[in-house]
Amino acid sequence: MIDEIPLCNAADLVNSGDAVPFDVVYCGQTIQAFCIRYQDQVHAYLNRCSHVPMEMDYQPNRFFDSTGQWLMCATHGAMYDPQTGACRGGPCRGGLTKIVLSETGGVVHWHTAHNLKSLEF
Ligand code: FES
């Protein structure tokens, strides 16, 4: 069963601006994820570089490079396409893991999947 979990207000995300972080359980492991807006569309990925599985932000919630066109890993500079998570340069080994989102009524939701669940409290 797929759940749609409220994540943030749509207005919290501006094009190429700061991300909104959230936690998920991916394949049984608690991992941070992040949501960004790029060219008016929202996108979310696990905050885990494909080069070395570590968090990518160089300052909290800052993922875009100085051009605002690419998501960049702070550790060794891997670059990812904000729309797909595909590798666009640097030492990445494949793309980012994408999380499905929806944006309705001014609210952004993320969607669970067979290997992606919300934290249980
Ligand atoms: S850990 Fe991200 S580029 Fe090396």
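Residues numbered from 1 in each chain as written. Predicted model: local features only at pLDDT ≥ 70, side-chain atom pairs only at ≥ 80, totals over all residues.

## With respect to the environment of Gly95
And then number 1: In this structure, Gly95 sits in the loop between strand 7 (87–89) and strand 8 (98–99).
And then number 2: We classify Gly95 as partly exposed; it has 15 C-beta atoms within 10 Å.
And then number 3: The spacing of Gly95 and Ser118 is 23 residues in sequence and 22 Å in space, taken between C-alpha atoms.
And then number 4: Setting aside residues up to four positions removed in sequence, Gly95 forms contacts with Ser50, Tyr80, Thr84, Gly85, Ala86 and Cys87. (Helix = DSSP H or I, 4+ residues; strand = E, 2+ residues; numbered from the N terminus. Buried ≥ 20, exposed ≤ 12 C-beta atoms within 10 Å, placed from the backbone. Contact = placed C-beta atoms within 7 Å.)

## Things to note about the pairing of strand 9 (residues 101–104)
Both faces of the sheet carry side chains from a regular strand, because those side chains alternate between them.
And then number 1: Looking at chain direction, strand 9 and strand 10 (residues 107–111) are connected through 4 bridges and run antiparallel. Each residue of the ladder has a partner; that of Ser102, found in strand 10, is His109.
And then number 2: Between strand 9 and strand 10, which follow one another and run antiparallel, lie 2 residues, and Gly105 among them has a positive phi close to 60°. (Pairing = 2+ DSSP bridges.)

## As for the environment of Leu7
And then number 1: Residue position: Leu7 is located in strand 1 (residues 4–9).
And then number 2: Considering only alpha carbons, one finds Leu7 and Gly90, 83 residues apart in sequence, at a separation of 30 Å.
And then number 3: Not counting the four nearest positions on each side in its chain, Leu7 is found in contact with Val20, Phe22, Cys35, Val108, His109 and Trp110.

## Regarding the environment of Val52
And then number 1: As for its placement among the helices and strands, Val52 is situated in the loop between strand 4 (41–46) and strand 5 (71–72).
And then number 2: Under the C-beta neighbour-count criterion, Val52 is labelled exposed, with 12 such atoms within 10 Å.
And then number 3: On a C-alpha basis, the gap between Val52 and Gln41 in space is 27 Å, while along the polypeptide they are 11 residues apart.

## Things to note about the nonpolar core
And then number 1: By size, the foremost hydrophobic cluster in this structure holds 25 residues, and its most contacted members are Ala33, Phe34, Cys35, Ala44, Tyr45 and Phe63.
And then number 2: Secondary structure elements with two or more residues in this core: strand 2 (20–26), strand 3 (29–38), strand 4, strand 5 and strand 10.
And then number 3: Per-element tally for this core: the top contributor is strand 3, with 4 residues.
And then number 4: Those residues in contact with Cys35 that lie beyond four places of it in its chain are Leu7, Cys8, Leu13, Ala19, Val20, Phe22, Val42, Ala44, Leu101 and Val108. (Core = buried A, V, L, I, M, F, W, Y, C linked by C-beta atoms within 7 Å.)

## Some thoughts on the sheet that holds strand 9
And then number 1: In spatial order, the strands read 1-10-9; together these 3 strands make up an open sheet with antiparallel pairing. Two strands in the sheet have a free side with no partner beyond their single neighbour: strand 1 and strand 9. Each adjacent strand pair in this sheet contributes to an overall mean axis angle of 30°, direction not counted. (Axes fitted to C-alpha atoms, helices over the stretch in contact; angles between N-to-C directions.)

## Describing the sheet that holds strand 4
In any sheet, the strands associate via hydrogen bonds between backbone groups, in a parallel or an antiparallel arrangement.
And then number 1: Strand order in the open sheet formed by 5 strands is 8-4-3-2-11, with antiparallel pairing between adjacent strands. Only two strands of the sheet have a single neighbouring strand rather than two, namely strand 8 and strand 11 (116–117).
And then number 2: Across 2 bridges, the pairing between strand 4 and strand 8 is antiparallel. In the strand pairing of strand 8, Tyr45 is matched with Lys98.

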